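Each chain, letter by letter, is given below.
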2 protein chains.
Amino acid sequence: MKERRYDVDLIDTLLDLAQRPHETLPSESMRLARLSFFDWMVCGLAAADEPVTQKLLRFVEEEGGRATASTFGGGRAPARAAALANGTISHALDYDDTHFAHIGHLSVGIYPAAFAAGEEVGGRMKEVHAAFLLGAESAIRVGLALGPGHYERGFHQTATAGAFGATVAAGRLYGLNRDQMRAALGLCSTRASGLKNQFGTMGKPLNAGIAAANGIECARLAALGLTSADDGISGAQGFIATHSDAATGAPDLPNPFLFDDIRYKLHACCHGTHAMIEALLKVQADRSIDAAEVQSVTITVHPKWLNVCDIKQPRTGLEVKFSYVWLAAMVLSGISTSSPMRYTDALANDISLKGLAQKVRVATDPSVADTAAKVALAYADGTEFAQEHDLMAQFPIDEIEGRVIHKAQTMLGERAGTIWGQLTRAGGSDARDIAKSLVFIDGVAESL
Amino acid sequence: MKERRYDVDLIDTLLDLAQRPHETLPSESMRLARLSFFDWMVCGLAAADEPVTQKLLRFVEEEGGRATASTFGGGRAPARAAALANGTISHALDYDDTHFAHIGHLSVGIYPAAFAAGEEVGGRMKEVHAAFLLGAESAIRVGLALGPGHYERGFHQTATAGAFGATVAAGRLYGLNRDQMRAALGLCSTRASGLKNQFGTMGKPLNAGIAAANGIECARLAALGLTSADDGISGAQGFIATHSDAATGAPDLPNPFLFDDIRYKLHACCHGTHAMIEALLKVQADRSIDAAEVQSVTITVHPKWLNVCDIKQPRTGLEVKFSYVWLAAMVLSGISTSSPMRYTDALANDISLKGLAQKVRVATDPSVADTAAKVALAYADGTEFAQEHDLMAQFPIDEIEGRVIHKAQTMLGERAGTIWGQLTRAGGSDARDIAKSLVFIDGVAESL
């Protein structure tokens, strides 16, 4: 019965969210939404040299059209096309935010739609942030209802549930009324798509672009009066019934915003190594580590990670991203793990890192959460230090902001601070002003 | 083992089809492909006054862009946008061709992609027909592999399997090599979508437009070098694994073309009534019917149709389309069932039709195929006539052409003959020339 009630309510929950007055949104959630925008924009700007970036920009340029929205790189295009390109480009580095309950990346599927629509209508950034927040919250609710079975079957929540979030965000900025938003979500149910079989190919970042483009398209078609299913989500033969074997239902949680569990990637390597890195950084914060004094390091993680990120002797920069021992050696040596540009092939052949890596042992313990890691260091003077970290632990928001800003600096240098300043200046800013900052500045990537 | 082999082969079958030389295509299949184009174009032109038509044209016009392809109505747009609009518009009347094994409509999802790509590259119509034929054949193979379970779960094969066909058709015209076509199909696996929950709304014709637009988009992105899954169809977590509970496998049938089983809708009413109409037309061909002489008519159909199209006293023109007794009375009175414009509310209130309808009895027999009907007529002079018809029966191709041309004339008048002449003139025709005939001519619909 509970599940049935939930099913009936989900579409109404989304319609309620979409119309929620700006003033009622929690200020901490709004701060996180702004931070997600910053992180999203930085990830897109840092992807200037990715092959998929140029391909998407060329695709959009070839089509042309009424230039109402900006693309990364400074071009202009119709909002739908800009959303497609920007979603793809911002996910190219796979370094954007994550939401575990939703099972996916929120910013890359939803912000490109919110930002393009916001620029098109000449909105304020705070309206873009609010639209994103409500879209993200909607995507999380849809993701929860689809359940882990959806992901396990082979669907990519970032793209599928994300499209509903993009539709809510774009539809809100386009001023859809409740009936139009219902139609937009109905259209999204027949338009949303995205498979995990794209992982390891350019189709993976494209999935984020697809979500964003679908959001704009469905919102615009509904604004023009297209009719659709009354409940495209939980209704008969709706998106959940067709795309999930075991719709789990979800708790009735109008508040607080589930979005607040958003997590930012702070290390440009495999997610399975992040808890270890954080634990080692805690040790370093307790006692500045001199790598030469370290006798041995023991890392304990959940066994599921062993066939993912335990490469003992990486041969390339890419393989370093999947190597506990190498990454531990980097942290012990004070080498930042934040910048994607640091993972060079030369790093895999660094003799001193190799020496340190040989002192690191990886152990497993099924009782350690798969979001956690324990580290134990023994020093030459006989002292020992142990630490642990769980990625589910929440930092204070000031610290989160500080760390995301630091991550941005490792990728964009001084420009990161300029953008952060624009986004946080007193009185707020306009979407059209911020859009001007999407240009690529040659040489930034190389100078780091 | 057979299914496994089939799974591995399907992607190769499609890649082989996509590259098949034009000269090797069966001439009868090509004739049917040309006829499908004609029928598709007529359905689109006859939909000028449908509300969804103007909405899609406005959507495309608002986006604008490089005008490389034509839309119904005479506008021009990027190929992807033209495919979206034309697919939707041509399916608005739901009067286009059907393929039962594929479980869907082929022309409306595939021709808009083939035609837009053909116009864009300046191709000949015979190349467009060939690309459609090979795309349609691909869509049928994918539809068969997805099986009836896909449709029953709530997916709309016209849109889902159709997108793969549109990708093959567009990709062939864009000159993709085998690796690029493989990538295009991989991208299609993450892009294709479409649910039956749109039936009864404007989302239903939109599904055809989505298939066509996806075909152009995936082909263009692959041409630009986007990488994707090696086997997006039958591969791990590919389209079949994620979108079908019971992939049935399908017989290994390289020849003849399954496409040849295509069927054209010749009556603008519920499909469940067509076999009855055909059987009555056979009686009429045997002996010209004077309605006044008819004493009684017995129609025998499969019981599944009773709750679909057995309205005893229709109140509107729309309800007439779902009324065995009224439609039988129309045929007995010599009123054409071909033109969508004939189904007026006045027809539902016609006294003489009502008198005839009262002589018609609808019986059921589970041994009658759901594609068939039997009719038995008793006359005042004591004579009796019986006939039956199964929609699966194949007419000679000359007769099929003649009947589709007749259908077109009931919708477009003289213009139908002009278009048919263009398509069949000696020496063939160019896609760009035919595209000029997509303009709407005001008043044609009203004059009939």
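What you see is a predicted model, and the numbers here were worked out from it, not measured in a lab. As a convention, each chain's residues are numbered from 1 in the sequence order in which they are written. Lettering for chains starts from A, numbering for ligands starts from 1, and both go in the order in which the items are written. Predicted model: local features are reported for residues with pLDDT of at least 70 only, side-chain atom pairs are reported and counted for 80 or more only, and whole-chain, interface and lining totals are derived from all residues.

Caption draft 1: Summary view of the overall build of chain A. Helical segments are the DSSP runs of H or I of at least four residues, strand segments are the runs of E of at least two, and each set is numbered from the N terminus. A count of helical and extended segments in chain A gives 20 helices and 6 strands. Atoms counted for the radius of gyration: C-alpha only. Globule rule: 2.2 Å times residue count to the power 0.38. By the compact-globule yardstick of 22 Å for 448 residues, chain A fits well, its C-alpha radius of gyration being 22 Å. Along the longest, intermediate and shortest principal axes, the C-alpha atoms of chain A span 75 × 55 × 40 Å. Here the contact rule is simple: place C-beta atoms from the backbone, and any two residues whose C-beta atoms are within 7 Å are in contact. Put simply, of all contacts in chain A between residues at least 6 apart along the chain, 79% involve residues at least 24 apart.

Caption draft 2: The confidence of the model for chain A, seen in detail. Residues and elements named next belong to chain A. Considering every residue of chain A, the mean pLDDT works out to 92; 94% of them sit at 70 or more. Counting interchain partners and residues more than four positions distant, the pLDDT-below-50 stretch residues 1–7 has 6 contacts. As a per-residue measure, pLDDT reflects the predictor's confidence and takes values from 0 up to 100. With pLDDT under 50 throughout, residues 443–448 is counted as low confidence; its partners more than four residues away or in other chains account for 12 contacts. The ipTM, which scores confidence in the relative placement of chains, is 0.93 for this predicted complex, and the corresponding pTM is 0.93.

Caption draft 3: Quick peek at helix 8 (residues 178–191) of chain B. Residue and element names in this part refer to chain B. A helix's residues, less one, multiplied by 1.5 Å, set its expected span. For helix 8, which comprises 14 residues, the first-to-last C-alpha distance of 20 Å matches the rise-based estimate of 20 Å (1.5 Å per residue) to within 8%. Partly exposed residues are those whose C-beta has more than 12 but fewer than 20 other C-beta atoms within 10 Å; with 20 or more the residue is buried, with 12 or fewer it is exposed, and the C-beta atoms are placed from the backbone. Helix 8 sits mainly inside the fold: 11 of its 14 residues count as buried. When helix 8 is considered as a whole, its buried residues turn out to be Met-181, Arg-182, Ala-183, Ala-184, Leu-185, Gly-186, Leu-187, Cys-188, Ser-189, Thr-190 and Arg-191.

Caption draft 4: Expanded view of the relation of the copies chain A and chain B. Fitting of the copies onto one another was done by least squares over C-alpha atoms, counting residues only where both copies have pLDDT of at least 70. The transformation that overlays chain A on chain B combines an axial shift of 0.0 Å with a rotation of 180 degrees, and the residual RMSD is 0.1 Å. Seen this way, the second copy is the image of the first under a two-fold rotation axis. The rotation axis passes nearest to the C-alpha of A:Gly65 in chain A, at a distance of 1.6 Å. Looking at the interface residues of chain A, 100% of them are also at the interface in chain B, so both copies use one shared face.

Caption draft 5: Just the interface of chain A and chain B, in detail. Taken together, the contacts link 47 residues of chain A with 47 residues of chain B. When residues of the side of chain A that touches chain B are traced back to their parent elements, those giving at least two are helix 3 (51–63), helix 8 (178–191), helix 9 (203–223) and helix 10 (239–243) of chain A. Grouping the constituent residues of the side of chain A that touches chain B by class yields 16 nonpolar, 21 polar and 10 charged. Residues were grouped as follows: Ala, Val, Leu, Ile, Met, Phe, Trp, Tyr, Cys and Pro as nonpolar; Asp, Glu, Lys and Arg as charged; and all remaining residues, including Gly, as polar.

Caption draft 6: Quick peek at helix 7 (residues 160–173) of chain A. Between its first and last C-alpha atoms helix 7 of chain A spans 21 Å; for 14 residues at 1.5 Å apiece the expected length is 20 Å, and the two agree. Of all 14 residues in helix 7 of chain A, 14 are buried; the element is thus mostly enclosed.

Caption draft 7: Just the sheet that holds strand 5 (residues 372–379) of chain A, in detail. Residue and element names in this part refer to chain A. Taken in spatial order, the 4 strands make up an open sheet running 4-3-5-6, and their pairing is mixed. In the strand order of this sheet, the two ends are held by strand 4 (360–364) and strand 6 (384–390), each with one partner. Neighbour to neighbour, the strand axes of the sheet diverge by 15 degrees on average, direction disregarded. Sheet analysis places strand 3 (residues 294–301) next to strand 4, joined by 5 bridges and oriented parallel. For Thr-300, the partnering residue across the bridge sits in strand 4 and is Ala-363. To get an axis, a line is fitted to the C-alpha atoms, and for a helix only the part in contact is used. The angle between two axes follows their N-to-C directions and goes from 0 to 180 degrees. Packing against the sheet, helix 11 (residues 274–286) makes contact with strand 3, strand 5 and strand 6, and its axis sits at approximately 135 degrees to strand 6. At least two DSSP bridges between two strands are needed for those strands to be called paired.

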